[in-house]
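A structural walkthrough
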Amino acid sequence: MYDVLIVGGGVVGCAAARALSAYRVNVCLAEAADDVAFGASRANSAIVHAGYDCEPGTNMARLNVAGNAMFDELCAQLDVPLRRVGSLVLAFSQDDLAALQRLYDNGIKNGVPGVRLLTAEETHAMQPGLSDKVTGSLYAPTGAITCPYELTCALCSNARENGVRFLMGSPVTDVRTAGDHLTVTAGEEQIETRFLVNAAGIHADEVSALCGDESFSIRARKGEYVLFDRAASGFAKMVLFQAPTAMGKGVLVAPTVDGNAYIGPTAVDQTDKDDTSVRPEAIDELTATASLSVPQLPLRSPITLFAGVRAVPSTGDFIVKRSEKNPHLIQAAGICSPGLSSAPAIAKEVVELLGEAGLVLEEKADWQPLRRRPKRFRHMSPQEKAEAIRRDPAYGRIICRCETIPEAEIVEAIREIPGVPSVDAVKRRTRAGMGRCQGGFCMPRVMELIEREAGIPMEEITKNGGASRICVGVSREEGQA
Ligand SMILES: Cc1cc2nc3c(=O)[nH]c(=O)nc-3n(C[C@H](O)[C@H](O)[C@H](O)COP(=O)(O)OP(=O)(O)OC[C@H]3O[C@@H](n4cnc5c(N)ncnc54)[C@H](O)[C@@H]3O)c2cc1C
């Protein structure tokens, strides 16, 4: 019997798991995929929003501003990158300036620290290379960038270290009330739990319906991106928005914590909740819009395209509450943007809701909030590198040349994956395959290490779970030949 079953291993579910791991409660997280960070949490804009664009008085506004303020401590504890680069919303017309004034007023009402309106001159001084059509901007110094999948994986590792069980490859397909608890079918297992936290992302309406609560629905809205090579990305210093539209926050130009730059996302409504393909026309659409902000984009240097799917709730706001239909159910649903920014605050609120619902929350004396792992090889000084190689020769074998990732870090990542290791699960934890060759060099070597460390035959290793086998139709002998 678990006290809490969390459904969904995205940033919200993993943040809730980690927050609960600080208490003497028995927690399990069930995830349909073979790894965490498989849904929206692996492909988004990676921005810790300041919180001025949410309507005052909404859950989004409250949880975004509170979540943003929690990021410094959280990322320091989990050794996850966070850069407070600040954000600008650019205006190109009088209408845009009026929109910026509304965002500024929202920011003041929402309690966003330091937000202010800038003239055209101040804006150009802050971010060189902008279009000369920019007439002003809204500046938010607390706008930041992080790595969403690294954060999600780190939350998972730390929660596991503190006793949470992660049940991977286990979709929740049935929920029954049995007296004072629920009986839940998750993959092959029947789980008894007092409470269920619904953090199932785009499928949270379906999980809610399984629990007898059909009070909301979720629509899918895809966002596509173009990512540029690091060597051509120096132009992006800050997060650059354009004045928002009814479809969202518009197309951004922004840096990543790893030194790349990207343009995106698009906003395309679709019926398939799991379709993360990129439409061919997305590149032209993004380029045309993003060039309004930065005319000299490095259009000869894209290294990949990717897409994520937003979970747009029928309520227009995050649904974070105890269900009125099922007292065992705590909703953390409809978490579209700014869900990444809000995740730490949503997790805190989920814990409070469970406490109000009767869960006894006694703090663990031995809770370990720090994720302990060796310094990354690429961040070491030459002396530190030499010392690391002397201690463990696997540091001297570089598997991913673009990102300088040694065998030792790949092996550490394979051991950390809660489910069945795949090439992308290793990539999310190490960056192997994220450089300009996009895995052309390192993928076979990563596969060899997965085979060696996890005992998965080469022909069964997948790119990213499911049916994405890499060696399909090739016998072992043929492959080696
Ligand atoms: C294009 C785009 C850009 C965005 N940009 C930003 C941004 O810059 N800043 C920001 O703050 N937010 C942003 N967001 C929003 C942010 O990505 C999401 O709010 C956040 O990732 C949601 O996390 P989650 O854990 O709720 O959902 P997810 O990450 O989708 O995780 C849900 C998990 O539940 C699992 N699951 C589903 N059904 C079941 C089931 N039946 N049983 C078991 N498991 C199940 C799924 O496999 C998945 O792993 C963006 C989103 C998109 C798509």
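Bear in mind that the values here come from a model prediction, so they are computed numbers and not experimental data.

The next point concerns the overall build of the protein. The number of helices and strands found in the protein is 13 helices and 22 strands. Here the C-alpha coordinates of the protein stretch approximately 60 × 60 × 45 Å along the principal axes. Put simply, the protein has 481 residues, and 49% of those count as buried. In the protein, 71% of the contacts between residues at least 6 apart in sequence involve partners at least 24 apart.

A few words now on the environment of isoleucine 456. Following the sequence through the fold, isoleucine 456 ends up in the loop between helix H12 (443-454) and helix H13 (476-480). By the C-beta count within 10 Å, which is 17 here, isoleucine 456 ends up partly exposed. Along the primary structure isoleucine 456 and glycine 201 are separated by 255 residues, whereas in three dimensions their C-alpha atoms are 30 Å apart. Apart from residues lying up to four places away in sequence, isoleucine 456 is in contact with Pro421, Ile450, Glu451 and Ile461.

Another aspect to go through is the sheet that holds strand E8 (residues 144-146). An order of E3-E8-E4 is seen for the 3 strands of this open sheet, with the pairing classed as antiparallel. For this open sheet the edge positions go to strand E3 (47-48) and strand E4 (82-83), each flanked by a neighbour on one side alone. Note that E4 and E8 share 2 bridges and pair antiparallel. Looking at the pairing, leucine 82 lines up with threonine 146 of E8.

So, on to the site of the ligand. The environment of the ligand is formed by 40 residues, the closest being Gly10, Gly39, Gly201, Gly223 and Gly339. The set of elements that each furnish at least two residues to the shell around the ligand consists of helix H1 (11-20), strand E18 (302-313) and helix H8 (339-356). Residues belonging to the shell around the ligand are distributed by class as follows: 22 nonpolar, 16 polar and 2 charged. Counting the residues that make up the shell around the ligand, at least three belong to each of domain 1 (1-81 + 145-217 + 314-372) and domain 2 (82-144 + 219-310).

It is worth spelling out the packing of H1 against H8 at this point. Angle between the axes and distance between the axes are the two parameters that describe a pair of packed helices. Contact geometry of H1 with H8 gives a least axis separation of 8 Å together with a crossing angle of 40°. The angle between the axes of H1 and H8 places the two elements in the oblique class. Here the hand of the crossing between H1 and H8 comes out right-handed. Where H1 approaches H8, its residues Val11, Val12, Ala15, Ala16, Ala19 and Leu20 are matched on the opposing element by Gly339, Leu340, Ala343, Pro344, Ile346, Ala347, Lys348, Val350 and Val351. Here the residues of the contact of H1 with H8 are counted per class, giving 13 nonpolar, 1 polar and 1 charged.

A few words on the nonpolar core. Ranked by size, the top nonpolar core spans 126 residues in total, and within it Ala16, Val197, Ala332 and Ile346 carry the most contacts. There are two domains that each give this core at least three residues, and those are domain 1 (1-81 + 145-217 + 314-372) and domain 2 (82-144 + 219-310).

Let us now look at helix H2 (residues 59-78). The sharpest bend along H2 reaches about 40° and sits at phenylalanine 71. A positive backbone phi angle near 55° is found at aspartate 79, which sits one or two residues after H2.

Next up on the list: the pairing of strand E12 (residues 189-198). With 5 bridges connecting them, strand E1 (residues 2-7) and E12 associate as parallel partners. Bridge assignment links leucine 5 to a residue of E12, and that residue is leucine 196. Two elements, strand E11 (residues 181-186) and E12, share 5 bridges in a ladder whose sense is antiparallel. When the sheet's bridge partners are listed, valine 184 is paired in E12 with isoleucine 191. The hairpin turn running from E11 into E12, its antiparallel successor, is 2 residues long, and glycine 187 in that turn takes a positive phi close to 60°. By the bridge criterion, 3 bridges tie E12 to strand E20 (residues 329-333) in an arrangement that is parallel. Across the sheet, leucine 196 pairs through a bridge with leucine 329, a residue of E20.

Here the focus is the domain arrangement of the protein. What the domain assignment lists for the protein is domain 1 (1-81 + 145-217 + 314-372), domain 2 (82-144 + 219-310) and domain 3 (377-480). Here the C-alpha centroids of domain 2 and domain 3 sit 32 Å apart.

Where helix H10 (residues 407-416) meets H12, the axes come as close as 10 Å, and the angle between the chain directions of the two elements is 50°. By the angle class used here, H10 and H12 are oblique. The two elements H10 and H12 meet at a crossing, and its hand is right-handed. Touching Glu407, Ile410, Val411, Ile414 and Arg415 of H10 are Val446, Leu449, Ile450, Glu453 and Ala454, all from H12. Grouping the amino acids of the contact of H10 with H12 by side-chain chemistry returns 7 nonpolar, no polar and 3 charged.

Each value, and the rule that gives it
- Residues numbered from 1 in each chain as written.
- Predicted model: local features only at pLDDT ≥ 70, side-chain atom pairs only at ≥ 80, totals over all residues.
- Helix = DSSP H or I, 4+ residues; strand = E, 2+ residues; numbered from the N terminus.
- Buried ≥ 20, exposed ≤ 12 C-beta atoms within 10 Å, placed from the backbone.
- Contact = placed C-beta atoms within 7 Å.
- Pairing = 2+ DSSP bridges.
- Near = placed C-beta within 6 Å.
- Nonpolar A, V, L, I, M, F, W, Y, C, P; charged D, E, K, R; others polar.
- Domains from an automatic or database assignment.
- Axes fitted to C-alpha atoms, helices over the stretch in contact; angles between N-to-C directions.
- Parallel < 35°, antiparallel > 145°, perpendicular 65-115°, else oblique.
- Left-handed = near helix turned anticlockwise from the far one by under 90°.
- Core = buried A, V, L, I, M, F, W, Y, C linked by C-beta atoms within 7 Å.
- Bend = angle between axes of the 7 residues up to and from the residue.

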